[in-house]
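Listed here are the chains, written in short residue letters.
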Amino acid sequence: MSQKLKIVTIGGGSSYTPELLEGFIKRYHELPVSELWLVDVEEGKEKLDIIFNLCQRMVEKAGVPLKVYKTLNRREALQGADFVTTQLRVGQLKARELDERIPLSHGYLGQETNGAGGLFKGLRTIPVIFDIIKDVEAICPNAWVINFTNPAGMVTEAVYRHTGFKKFIGVCNIPTGMKMFIRDVLKLTESDDLAIDLFGLNHMVFIKEVRVNGVSRFAELLDGVASGALSASTVKNIFDMPFSEGLIRSLNLLPCSYLLYYVKQKEMLAIEMGEYYKGGARAQVVQKVEKQLFDLYKDPQLNTKPKELEQRGGAYYSDAACEVINAIYNDKQSEHYVNIPHHGRVDNIPADWAVEMTCLLGRDGATPHPRITHFDEKVLGLIYTIKGFEVAASQAALSGKFNDVVLALSLSPLIHSDSDAEVLARELILAHEKWLPNFADCIKTLRDERR
């Protein structure tokens, strides 16, 4: 690694960027970032300018020799980069609103990483991530790409299945939120050593063991969640509803809150439909929060990350992303929860799958933790189903073919009819036309059929 440590953040105008910068400032003593380049697209220029000015003030207040740059030219930014972080949203929050509202208009869950909405976020995002990887290979081939762009599991699967690029790690704040939740509940101090055995897929992870200073504390945590004394939901963007006690005790696992979409489909759909009929969707809540955040960010007196940022669904993201970079840069061989291919380390799933699990992280990237060699059989059926959906989705993103989109939708456990899958595919492809350039032929056909 060069002494000069350069990090490029693509999607630099994101409301999350101040949190990422705060993470770098906090770790400056061991992660001496000398340059942080914020990259965005023309549509995000106004936000990028606001974020850049706030970042300048934050650096000045911290008194660290870190220089922040902004640009709309990605290739210029990538020169000499050591790490590239991706936190982009193709089509911005307006596209997310379509992902949520169109499925709901047909009586299906609209959610940005699951079902029809998650598929279309993937279809818009995967080709853009592939373009970024091409640039990285050409300009800074030794750089690591740390991806926070959702759907992180689908994106990681697509990268490892359809490109030869190996220095790619998918990061999500859900495991970090679960870890914070465990630290809070068990009243741990900074000096306590917490080890968590976590496995599954992005937004479908389960914890099967928790050790504090080498002693298992899993049983008391499970008891708290099962009895309803502890809330399992650690994210702002999922309605908090308790799992049934029998389910948790029989699973003998601590699930992330996304499992609610599969074991409480009827209830989750009813809640979302209620919001939809009132004219709301999660994307609109987020747009309001974003507007408030950017109004705060504009304040020339503000020189720290505001507390309000935690109202966004991505709290703790910086800790996850910064710690991953820190572990690689300093060859820490420390424990993290990331998305990578397991290369056969897990004995009861296909060797080429990208999974989210406890890993050891150092100079050579992430390797699955030797403690986890087996995924629990009780949740394997659901994991296989969701992975089938992710694999089909990554294929559809590449092919730009209507039938491949229908297949991916039909494989999702949240869509219950192939004829509904066709209706959703048609409507969502046309709604997102601007952001699906590789679907040009498909879109022309769909338009001709309409005439």
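Keep in mind that this is a model prediction, so the values were computed, not measured.

Notes on the overall build of the chain
Working step 1: Check the secondary structure of the chain and you find 17 helices and 13 strands.
Working step 2: The globule rule puts the C-alpha radius of gyration for 451 residues at 22 Å, and the 21 Å found for the chain is close to it.
Working step 3: In terms of overall dimensions, the chain has a C-alpha envelope of 60 × 55 × 45 Å along the principal axes.
Working step 4: Counting over 451 residues, the chain shows a buried share of 59%.
Working step 5: A sequence separation of at least 24 residues applies to 72% of the contacts in the chain between residues at least 6 apart.
Working step 6: When the accessible surface of the chain is summed, it comes to about 18000 Å², and 51% of that surface belongs to carbon and sulfur atoms.

Side note on the nonpolar core
Working step 1: Counting 99 residues, the largest nonpolar core has Phe24 and Ile169 as the members making the most contacts within it.
Working step 2: With nine residues, the top contributor of residues to this core is helix H13 (residues 317-329).
Working step 3: Judged by nonpolar contacts, the second largest core, of 55 residues, contains Val90, Leu409, Ile429 and Leu446.

Description of the UniProt feature "site: Increases basicity of active site Tyr" (unreviewed entry) in the chain
Working step 1: The residues that UniProt annotates with the feature "site: Increases basicity of active site Tyr" (unreviewed entry) are Glu112.
Working step 2: With respect to the helices, strands and loops of the structure, Glu112 is situated in the loop between helix H4 (92-105) and helix H5 (115-139).
Working step 3: You can call Glu112 buried: its relative accessible area is 7%.
Working step 4: Leave out the neighbours within four places in its chain, and Glu112 touches Arg89, Arg96, Gly117, Gly118, Lys121 and Asn150.
Working step 5: Here the side chain of Glu112 touches Arg89 through a polar contact of 2.9 Å, side chain to side chain.

Digging into the sheet that holds strand E5 (residues 144-147)
By way of backbone hydrogen bonds, the strands of a sheet pair with one another, either parallel or antiparallel.
Working step 1: Strands sit in the order E3-E2-E1-E4-E5-E6-E11-E12-E13 across an open sheet of nine strands; the sheet is mixed. The open sheet is flanked by strand E3 (67-71) and strand E13 (365-368), the only strands paired with a single partner. Mean inter-strand twist for the sheet, computed between neighbouring axes without regard to direction, equals 35°.
Working step 2: Looking at chain direction, strand E2 (residues 33-39) and E3 are connected through five bridges and run parallel. In the sheet register, Glu35 faces E3, and the bridge partner there is Lys67.
Working step 3: Docked against the sheet, helix H1 (residues 17-26) engages strand E1 (5-10), E2 and strand E4 (83-86), running at close to 170° with respect to E2.
Working step 4: On the sheet, helix H6 (residues 152-162) packs against E5, strand E6 (168-171), strand E11 (334-341) and strand E12 (354-362) and is oriented at approximately 170° with respect to E6.

Notes on the pairing of E6
Working step 1: On E6, burial covers both faces: Phe168 and Gly170 on one face and Ile169 and Val171 on the other are all buried.
Working step 2: Remark: the E5/H6/E6 crossover connection has right-handed handedness.

Things to note about the packing of H5 against helix H15 (residues 402-411)
A pair of packed helices is characterised by two quantities: the angle between their axes and the separation of those axes.
Working step 1: Contact geometry of H5 with H15 gives a least axis separation of 10 Å together with a crossing angle of 140°. By the criterion of interaxial angle, the relationship of H5 to H15 is oblique. In this structure, the crossing between H5 and H15 has a hand that is right-handed. Between H5 and H15, the residues in contact are Ala116, Leu119, Phe120 and Leu123 and Val405, Ala408 and Leu409, respectively.
Working step 2: Its residues placed into classes, the contact of H5 with H15 shows seven nonpolar, no polar and no charged.

Digging into the UniProt feature "binding site: substrate" (unreviewed entry) in the chain
Working step 1: Within this structure's numbering, the places UniProt gives as "binding site: substrate" (unreviewed entry) are Arg96 and Asn150. Annotated residues spanning 55 residues; largest pairwise C-alpha distance 11.2 Å, indicating a single compact cluster.
Working step 2: Mapped onto the secondary structure, Arg96 falls in helix H4.
Working step 3: The contact partners of Arg96, leaving out residues within four places of it in the chain, are Arg89, Glu112, Arg124, Arg282, Ala283 and Val286.
Working step 4: The topology assignment puts Asn150 in the loop between E5 and H6.
Working step 5: The residues contacting Asn150, other than those within four sequence positions of it, are Glu112, Thr113, Lys121, Thr125, Asn202 and His203.

Structural notes on the pattern of salt bridges
Working step 1: Under the definition given, this model contains 31 salt bridges.
Working step 2: Ionic pairing is found between Glu323 and Arg27, a salt bridge with its closest N-O pair at 2.6 Å. Of this pair, Glu323 sits in helix H13 while Arg27 sits in the loop between H1 and E2, and the two are 296 residues apart along the sequence.
Working step 3: With a relative accessible area of 26%, Glu323 lands in the partly exposed category.
Working step 4: The buried category is assigned to Arg27, whose relative accessible area is 7%.

Thoughts on H5
Working step 1: With 25 residues, H5 extends 36 Å from end C-alpha to end C-alpha; this agrees with the ideal 36 Å at 1.5 Å per step.
Working step 2: Maximum bend of H5: about 30°, positioned at Thr125, with proline Pro127 one to four residues after it.
Working step 3: With respect to burial, H5 is a largely interior element, 19 of its 25 residues being buried.

Observations concerning the packing of H1 against H13
Working step 1: Two numbers describe how H1 lies on H13: the axes approach to 8 Å, and their chain directions differ by 45°. Judged on the interaxial angle alone, H13 and H1 are oblique. H1 and H13 meet at a crossing whose hand is right-handed. Contact residues: H1 offers Glu19, Leu20, Gly23, Phe24 and Lys26, while H13 offers Tyr317, Ser318, Asp319, Ala321, Cys322 and Ile325.

Conventions and cut-offs
Residues numbered from 1 in each chain as written. Predicted model: local features only at pLDDT ≥ 70, side-chain atom pairs only at ≥ 80, totals over all residues. Heavy atoms only, no water. Helix = DSSP H or I, 4+ residues; strand = E, 2+ residues; numbered from the N terminus. Rg over C-alpha atoms; globule rule 2.2 N^0.38 Å. Buried < 20%, exposed > 50% of the residue type's maximum accessible area, 1.4 Å probe, protein only. Contact = heavy atoms within 4.5 Å. Areas by Shrake-Rupley, 256 points an atom, 1.4 Å probe, with all protein chains shown as cover. Core = buried A, V, L, I, M, F, W, Y, C linked by side-chain atoms within 4.5 Å. UniProt positions renumbered as here; feature names shortened; annotations may be inferred. Polar contact = N/O pair within 3.5 Å; in protein donor to acceptor, adjacent residues only side chain to side chain. Pairing = 2+ DSSP bridges. Axes fitted to C-alpha atoms, helices over the stretch in contact; angles between N-to-C directions. Right-handed = clockwise from strand over helix to strand, strands pointing away. Parallel < 35°, antiparallel > 145°, perpendicular 65-115°, else oblique. Left-handed = near helix turned anticlockwise from the far one by under 90°. Nonpolar A, V, L, I, M, F, W, Y, C, P; charged D, E, K, R; others polar. Salt bridge = Lys/Arg side-chain N within 4 Å of Asp/Glu carboxyl O. Expected span 1.5 Å × (residues − 1). Bend = angle between axes of the 7 residues up to and from the residue.

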